[in-house]
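# Overview (structure and organization)
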Amino acid sequence: MSVETIYTSAACNRTPDSLDWGPDGLIYFAANNAIAVFDPKYHGSVKIVRTLIGHKARVNTVRVVRDGSECHGGINLLSGSDDGTCILWNTEQDGGASGGAVRFILKGHTKGVTAVDALFDTATNNLIVATGSVDSSIKLWQATAESTFECTQTIDLRSGLTFAMKLFCLPRSNAVMLAYTTDTDVVKLCVQQKRTEADEATFEPVEQLKGHCDWVRGLDCIQLPDSEDWLLASSSQDTFIRLWRISPRASLQKQKEFKEILLEEDITLEERTFTVRAADGAEYHYALSLESVLQGHEGWVYGVHFCMRDGKLHLLSSSIDKSLTVWTPSESGVWVECVRVGEVGGSSLGFYGGKFSPDGSSIIGHGFQGSFHLWREDAEQPGLWKPGTILGGHFGGVRDLAWDPAGGMYVVTLSADQTTRIHAPWSRPECEETWHELGRPQVHGYDMQCLTLLSRYRLASAAEEKIIRIFQAPSNFVQNFRALCGVATDPEGDAVVESNPMGASVPSLGLSNKAVFEVETPETDSRHIKDMYPEHYFSPIALESPPAEETLMQNTLWPEIQKLYGHGNELYAIASSPDGALIASGCRATSTDQAQILLWDTASWRVVQQLTAHQLTVTQLAFAPNGQHLLSVSRDRTFSVFRRVSSAFELVMRSDKTKGVHTRIIWCCDWSHDSERFATGSRDGKVVAWKAANEESNGAAVAPFEQAGVLELKNESITAVAFGRRKLSDGRYLVAVGLESGVIKLYALGQWDLLLNISEDYAHHLTVKRLSFRPHVEQHQLASCGEDGLVRVYSIKL
């Protein structure tokens, strides 16, 4: 038995410098506590091909190491995290934290690491690593043996915070220079040198670059072509970018004479010098000058990145003003803006960083909401940059998911980032099928909690509010969905296209998605002035490839058609009957009255029944596939089974809180595809399978369901469980179990035989929140979501 990950959805962490584009063509970015490896050219599309697990808290910064494969077993990636560590990775090796991708863990900071950089020193054949932390220190690390890295120096910043740092070798002397910025408007330069022959080489301050008038957030440097000079770029919250030239000088005297000549001609060239003492005692002189000041952004500039392309220098800047800008020097040496890409309008909040591809023909930016934005230069029309296909994901914990009940064509997920998203396979005849985010039905103002699909194009969701909201897909979404996914037969979609609105938009200061039936054209400008400026931003679009972030945010919303009021507290669990005629819902509860389960009729949108069984919050609800039973599990350590009798449900079984098999909160439950069995999973580490029992035994009435096997995992908490949509070849049931640790286990239900263990590297590194098998497909496919913000789809081969 084997498993293949066919889709991983993840957002970039909302921190500057949390993404880098490696020389191998792969993009490495921070995704919660993990690092995701993203291939932007996967079979003509894009895909996350791997995740690296090692940190125990949010990853703040990721940096690819150039030329680091020659030492210490190969190091080609650095990462810094809120857990106070910096990890050196060898991404060539298979396996995660246990398999060997983690080469070294640098422990020494007392608070989170926010900036990292590394340089392979050819003089000593060693890797120098610099880490900056919230504990107001910068630490320098070097390998003292083949198996250990140790801190060789600590720079005390007193109360400062490190924002950016860069290591590079000065020409002639080969001395290592460290440029770093803190919460000031100054760039500080240090050089590694020895005070005496007996001393160890340490980084000593030599100069400060002044000119910015607000915090400096980004740094990058490059050696100029056919020159010994280095160019250092600094970007600041003052919206300016400054370019500084570092040049070697034969002596300080000649430079003074040069200055005097310039002063006679009334030309002033501000230039400062410093001296570096090499290991052999020789002195080398360097000059610092301001090369240029780049003005063009209207907001904080978070990052800069140099690239050499076709023998010409390019600089990419990323700003919170929603733009990425490429700057190049003209023939006269003046730096000018040559490309500007980004969002015009929209509700995004700008870019946290951007990088060139290794060949400079593509650029990627990551936004405030964890989104990616990719542009590629047209090979036939140089200077024309076109948006590329990209992936996306939730930037908060994903709490629930559901498959399209009609044909399993897509999975919809819901997150604490206040959005619901639709993920579906992009079907093309000439390429391999790849998964993408195709829609964002709801962008809300509250953290989302639970959802259910009433049909392929009708969604019910609940957030941390007391309302259930019902959404209906608009015709423009249906047309694009069918075109991209190759849906041929779709009666429900035909009805939607004929009668439903074109799209939806969210009014100013509103929480409800309002339907948009027509889009205004210039010919309609004869209307009253108050109608000439509509509040919606929707515009219909015919998609030939998966939508970009801007399209997802504005043009894929679903209109809200109904609100259901009835609960007194925030919603926590929701489920719908197989025919979509009923919705069951439960809210946060501390008493029996609050813990009532409400049944809603989707024809009249009214409460038709109130079911009383629990004393605390109902954590999950599940209808049997035949629609005859409703299962509920609760924080009060009990589960209940309700049976449909005529047009109502009645309680037929409730477990005992004190004598029951579960002794802790029951988090999850699910029914088998044939409605013969169900399973419950609890914090006590037990998954219990239940099967239908005989109605009578020796003339005495018994519970309608009895235990069919108990799986006990010590020191674990069971948070998700799901039955396969059909039996295994030997007649046993396939059951997926998700753990609080992030691991997913697959069992054959009989004696609970373990078939497969999906480790954290391929599953989740935080709590698994929901599991569900894809319906209507020949091969077993499993979708999972977790508190780490990841959504995964697996193909299971038996």
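About the cut-offs
Residues numbered from 1 in each chain as written. Predicted model: local features only at pLDDT ≥ 70, side-chain atom pairs only at ≥ 80, totals over all residues. Heavy atoms only, no water. Helix = DSSP H or I, 4+ residues; strand = E, 2+ residues; numbered from the N terminus. Rg over C-alpha atoms; globule rule 2.2 N^0.38 Å. Buried < 20%, exposed > 50% of the residue type's maximum accessible area, 1.4 Å probe, protein only. Contact = heavy atoms within 4.5 Å. Lys, Arg positive; Asp, Glu negative; His and termini not counted. Charge placed at Lys NZ, Arg CZ, Asp CG, Glu CD. Phe/Tyr/Trp six-rings, centres within 6.5 Å; stacked < 30°, edge-to-face > 60°. Salt bridge = Lys/Arg side-chain N within 4 Å of Asp/Glu carboxyl O. Pairing = 2+ DSSP bridges. Polar contact = N/O pair within 3.5 Å; in protein donor to acceptor, adjacent residues only side chain to side chain. Axes fitted to C-alpha atoms, helices over the stretch in contact; angles between N-to-C directions. Parallel < 35°, antiparallel > 145°, perpendicular 65-115°, else oblique. Left-handed = near helix turned anticlockwise from the far one by under 90°. Nonpolar A, V, L, I, M, F, W, Y, C, P; charged D, E, K, R; others polar. pLDDT = per-residue confidence, 0-100. Core = buried A, V, L, I, M, F, W, Y, C linked by side-chain atoms within 4.5 Å. Disulfide = S-S within 2.5 Å.

## Details of the overall build of the protein chain
For the protein chain, the count of helices and strands is four helices and 61 strands. Scaling as 2.2 N^0.38, a compact globule of 798 residues should have a C-alpha radius of gyration of about 28 Å, and the protein chain matches this with 30 Å. Across its three principal directions, the C-alpha atoms of the protein chain cover 110 × 75 × 50 Å. Counting only residues that meet the buried cut, the protein chain has 59% of its 798 residues in that class. Taking as baseline every contact in the protein chain between residues at least 6 positions apart, the subset at least 24 positions apart corresponds to 51%. The averaged location of the 98 negative side-chain charges in the protein chain is 6 Å from the averaged location of its 73 positive side-chain charges.

## Focus: the packing of aromatic side chains
Enumeration according to the criterion identifies 26 aromatic pairs in this entry. Aromatic side chains phenylalanine 351 and tryptophan 375 sit 6.4 Å apart centroid to centroid with 70 degrees between the ring planes, which places their arrangement in the edge-to-face category. Separated by 24 residues along the polypeptide, phenylalanine 351 in strand β27 (residues 351–356) and tryptophan 375 in strand β29 (residues 372–377) bring together distant segments of the chain. For the residue pair phenylalanine 351 and tryptophan 375, the accessibility class agrees, reading buried in each case.

## A short note on the pattern of salt bridges
Using the criterion set out here, one finds 34 salt bridges in the structure. The salt bridge involving aspartate 730 is made with arginine 732; its shortest N-O contact spans 2.8 Å. Owing to a relative accessible area of 46%, aspartate 730 belongs among the partly exposed residues under this scheme. Residues joined in a network through salt bridges with shared partners are Asp404, Arg456, Arg482, Asp490 and Asp494.

## Concerning the pairing of strand β55 (residues 718–723)
The element β55 is largely enclosed, with a buried count of six among its six residues. As judged from the five bridges shared by β55 and strand β56 (residues 733–739), these two strands associate in the antiparallel manner. Counterpart to alanine 720 in the pairing with β56 is glycine 738.

## Description of the side chain of histidine 662
Within the secondary structure, histidine 662 sits in the loop between β48 (648–654) and β49 (666–671). Take histidine 662: its relative accessible area is 2%, and that puts it in the buried class. A polar atom in the side chain of histidine 662 sits 2.8 Å from the side chain of threonine 680. Histidine 662 has contacts with Arg637, Lys657, Thr680, Gly681, Ser682, Asp684, Lys686 and Val688, leaving out every residue within four places of it along the chain.

## Section: the sheet that holds strand β23 (residues 301–309)
One key point about sheets: their strands pair by backbone hydrogen bonds, in either a parallel or an antiparallel sense. Across the sheet, which stays open at both edges, the four strands sit in the order β23-β24-β25-β26 with antiparallel pairing between neighbours. One side of each edge strand has no neighbouring strand; the edge strands of this open sheet are β23 and β26 (335–342). Direction aside, the axes of adjacent strands within the sheet are offset by 20 degrees on average. Direction of pairing for β23 relative to strand β24 (residues 312–319): antiparallel, over a ladder of eight bridges. Each bridged residue has a counterpart across the sheet, and for phenylalanine 306 the counterpart in β24 is leucine 315.

## Examining unusual backbone geometry
At asparagine 32, a residue that is not glycine, the phi angle is positive and equals roughly 60 degrees. Structurally, the position occupied by asparagine 32 is in the loop between β3 (27–31) and β4 (34–42). Notably, tryptophan 605 is not glycine yet its phi reads approximately 60 degrees, a positive angle. The topology assignment puts tryptophan 605 in the loop between β43 (597–601) and β44 (606–611).

## With respect to helix α2 (residues 475–485)
With respect to burial, α2 is a largely interior element, nine of its 11 residues being buried. Turning to α2, its buried residues number three or more, namely Ser475, Asn476, Phe477, Val478, Asn480, Phe481, Arg482, Leu484 and Cys485. Remark: glycine 486 follows α2 within two positions and exhibits a positive phi of approximately 65 degrees.

## A word on the packing of α2 against helix α3 (residues 491–499)
Here α2 crosses α3 at 140 degrees, and the two axes come no closer than 8 Å. By the angle class used here, α2 and α3 are oblique. Judged by the sense of rotation from one axis to the other, the crossing of α2 with α3 is left-handed. Contacts between α2 and α3 pair Ser475, Val478, Gln479 and Arg482 from the former with Gly493, Asp494, Val496 and Val497 from the latter. Of the residues that constitute the contact of α2 with α3, the class distribution is three nonpolar, three polar and two charged.

## Looking at the confidence of the model for the protein chain
Scored by pLDDT, the protein chain has a mean of 88; 91% of the residues are at 70 or more. With pLDDT under 50 throughout, residues 95–99 is counted as low confidence; its partners more than four residues away or in other chains account for 11 contacts. Predicted confidence is poor over residues 254–268, with pLDDT under 50, and the contacts of this stretch with residues over four places away or in other chains come to nine contacts.

## Here's the deal with the sheet that holds strand β34 (residues 434–443)
Strands sit in the order β31-β32-β33-β34 across an open sheet of four strands; the sheet is antiparallel. Across the chains shown, the open sheet's two edge strands, defined by having one partner strand only, are β31 (398–403) and β34. Along the sheet, successive strands turn relative to each other by an average axial angle of 25 degrees, direction set aside. Sheet analysis places strand β33 (residues 419–426) next to β34, joined by seven bridges and oriented antiparallel. The residue bridging proline 425 from the neighbouring strand is tryptophan 435, located in β34. Sheet strands in contact with α2 are β33 and β34, and its direction is about 35 degrees off that of β33.

## A short note on the nonpolar core
Within the largest apolar cluster, 26 residues are counted, with the highest numbers of intra-cluster contacts made by Tyr410, Val412, Tyr457, Phe477, Phe481, Cys485 and Trp558. For phenylalanine 477, the contacting residues outside a window of four places in its chain are Ile422, Leu438, Gly439, Tyr457 and Trp558. If you look at the next biggest cluster of nonpolar residues, it comprises 21 residues, including Met177, Leu189, Leu209 and Leu219.

## Some details on the state of the cysteines
Applying the stated criterion across every chain yields a total of zero disulfides. In this structure cysteine 169 is a free cysteine whose sulfur lies 10 Å from that of cysteine 221, the closest cysteine sulfur available. Here cysteine 785 stays unpaired: no disulfide links it, and the sulfur of cysteine 668, its closest cysteine neighbor, is 12 Å away. For cysteine 785, a relative accessible area of 0% translates into the label buried.

## Points about the side chain of serine 717
Here serine 717 lies in the loop between β54 (705–712) and β55. Setting aside chain neighbours within four positions, we find serine 717 in contact with Trp667, Ser682, Arg683, Gly738, Leu739 and Glu740.

## Topic: the environment of serine 227
With respect to the helices and strands, serine 227 occurs in the loop between β18 (216–223) and β19 (230–236). Among the residues examined, serine 227 registers a relative accessible area of 27% and is labelled partly exposed. Linking serine 227 and proline 171, residues 56 residues apart in sequence, is a C-alpha distance of 9.6 Å. Within the local environment of serine 227, its side chain forms a polar contact with the backbone nitrogen of aspartate 229, the two atoms lying 2.9 Å apart.

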